[in-house]
Amino acid sequence: MKDFTGKVAFITGGASGAGLGQAKVFSAAGMKVVIADIRQDHLDEAVAYFKKDKKAQVHAIKLDITDRAAFAKAADETEKVFGSPPQLLLNTAGVNAFGPAEASTFEDYDWIIGVCLGGVINGMVTFVPRMIKAGKGGYIVTVSSMGGLMGGPTTAPYSAAKAAVINLMETYFTALKPYGIGVSCLCPAGIKTNIGESSYTRPKALAATGYNTNEKTIAFMRHHYSFGIDPVELAKILKKGIEDEVLFILPFPEPEKMMRNLVERMVNYTTAEGMKRQAEIEAKRQEERQKHPMPGLEGALEAGWGNARPDLTWVKKSQRFSRKK
Ligand SMILES: NC(=O)c1ccc[n+]([C@@H]2O[C@H](COP(=O)([O-])OP(=O)(O)OC[C@H]3O[C@@H](n4cnc5c(N)ncnc54)[C@H](O)[C@@H]3O)[C@@H](O)[C@H]2O)c1
C-alpha cells in the first residue's frame, strides 16, 4: 500500500505510545484516523493533541479490545463517522507484566494473552470480513515484539502471545493476498511508551498475579522504557514497511542479520551439538551484558522487577530476573 490519502485507519491502543505515534504519522499522511483505546485519559490527551491540527481527522472510541460486542460497535461507528471500514487496521494495543514463568497464574495468562492475542483475533474477526466486503483492498499490521521471537524466563504469557500473532499474521498474509489486503507484523524492541503502566487497566477479575508488581516496579518500567525508540520514528519505519509490503518489519538497521541470528538459535536447538553451541553463545552474551549493561536496566534489582510475588517463597531465587546482577 503506497497511497494513504483520504483512506480510513483504525488503530487499537491508538491513544498512547506506539499507537499514538502511528496516529500522528498516518494522520499527517492524509488518513482519517480512528483511535480506539481502553484508557479515557489517554483518549482525552490524544484528542486534545489532534485538535491543535485543523486538518487532522481523528475520531476517538473508548474500546476494550477483549470485548467482542464492543468491537463490532466500534466498527459500526467507524463506518458511520468516516463512511467506510478501515483500509488500514493497526492491531497495536497490548499490555505486559514480567515475572518468573513458574510463578505465572492462570490470571496472568488470561489477561496478557487475552489482550495481546485475543484482542488481535477480535480485531481480525471483526474487520477482515468488512474490509473484504468493502472491496477496496487495504492493509493490516499487528504489533508483536522481539519478545515473540524468543522466549525468556520472565516473559512467558507475553512472549507466548507475541509469538502467536507472528504466526497468525503470516497466515493472514497468504490468506488475504487474493483480496488485495496486505499484512505485516511489526517486531520492535524497546519503545518509549507508557506500557509500564499496563497493570492500571488489568481487570479486577484477573488481578491475581504471581509477579511482583507495585508502584516501585512501575516506576522502574517508566525509566526502562524511556530509553526506547521514539514512537513517531517507529511509525515512520512501519509506514515504509507497509509501502514495501514487508511481512516481518524489524525496526533495526540490519533486519536480515537480526532474523538470521534468531533463526540460528532455533537451528542450534535441534541437535545435541547445537545445544552446546547455543549454551556457549548465551554464556558469551551474558558476559558481555555484565561488562556493558543495557542502558535502562539500572534500578531493576532494587525495584524487584521480574521477581515473583514475595509470598511465593518456593520460587528459586536463581530463577529470578535478579540473578543477572
Ligand atoms: N514499549 C515497548 O518497549 C514495546 C516493545 C515491543 C512491543 N511493544 C508493543 O507495542 C504495542 C503498543 O504498546 P506501547 O508500548 O505503545 O504501550 P502504551 O501503554 O503506551 O500504549 C498501549 C495502549 O493500549 C491500550 N490498551 C491496553 N489494553 C487495552 C485493551 N484491552 N483495549 C484497548 N486498548 C488497550 C492502553 O490503554 C494504551 O493506551 C503493544 O502491543 C506492545 O506489546 C511495546
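In what follows, the structure referred to is the one given above.
Residues numbered from 1 in each chain as written. Predicted model: local features only at pLDDT ≥ 70, side-chain atom pairs only at ≥ 80, totals over all residues. Heavy atoms only, no water.

Attention now moves to the site of the ligand. As a structural note, the neighbourhood of the ligand is formed by 29 residues, with Ser16, Asp37, Tyr158, Ala189 and Thr193 the closest of them. One of the backbone N or O atoms of Ile65 is found 2.9 Å from a nitrogen atom in the ligand. Expressed as a share of its isolated accessible area of 820 Å², the protein-covered part of the ligand is 97%. Listed by contribution, the elements that provide at least two residues to the shell around the ligand are helix H1 (17-28) and helix H5 (156-175). Residues belonging to the shell around the ligand are distributed by class as follows: 14 nonpolar, 11 polar and four charged. (Near = heavy atom within 4 Å. Polar contact = N/O pair within 3.5 Å; in protein donor to acceptor, adjacent residues only side chain to side chain. Areas by Shrake-Rupley, 256 points an atom, 1.4 Å probe, with all protein chains shown as cover. Helix = DSSP H or I, 4+ residues; strand = E, 2+ residues; numbered from the N terminus. Nonpolar A, V, L, I, M, F, W, Y, C, P; charged D, E, K, R; others polar.)

Time to look at the packing of H1 against helix H2 (residues 40-51). For the pair H1 and H2, interaxial distance at closest approach is 12 Å and the crossing angle is 20 degrees. It follows from the interaxial angle that H1 and H2 lie roughly parallel. The interaxial crossing formed by H1 with H2 has right-handed handedness. Residue-level inspection shows Leu20, Ala23, Lys24 and Ser27 of H1 in contact with H2, the latter providing Ala46, Tyr49 and Phe50. Looking at the contact of H1 with H2, its residues break down into five nonpolar, one polar and one charged. (Axes fitted to C-alpha atoms, helices over the stretch in contact; angles between N-to-C directions. Parallel < 35°, antiparallel > 145°, perpendicular 65-115°, else oblique. Left-handed = near helix turned anticlockwise from the far one by under 90°. Contact = heavy atoms within 4.5 Å.)

This part is about a nonpolar patch on the surface. A contiguous nonpolar patch, built from Met266, Tyr269 and Met275 and spanning about 310 Å² of accessible area, is present on the exposed surface. Take Met266: its relative accessible area is 49%, and that puts it in the partly exposed class. (Patch = residues over 30% accessible without salt bridge, like charges linked within 9 Å, V, L, I, M, F, W, Y side chains within 5 Å. Salt bridge = Lys/Arg side-chain N within 4 Å of Asp/Glu carboxyl O. Buried < 20%, exposed > 50% of the residue type's maximum accessible area, 1.4 Å probe, protein only.)

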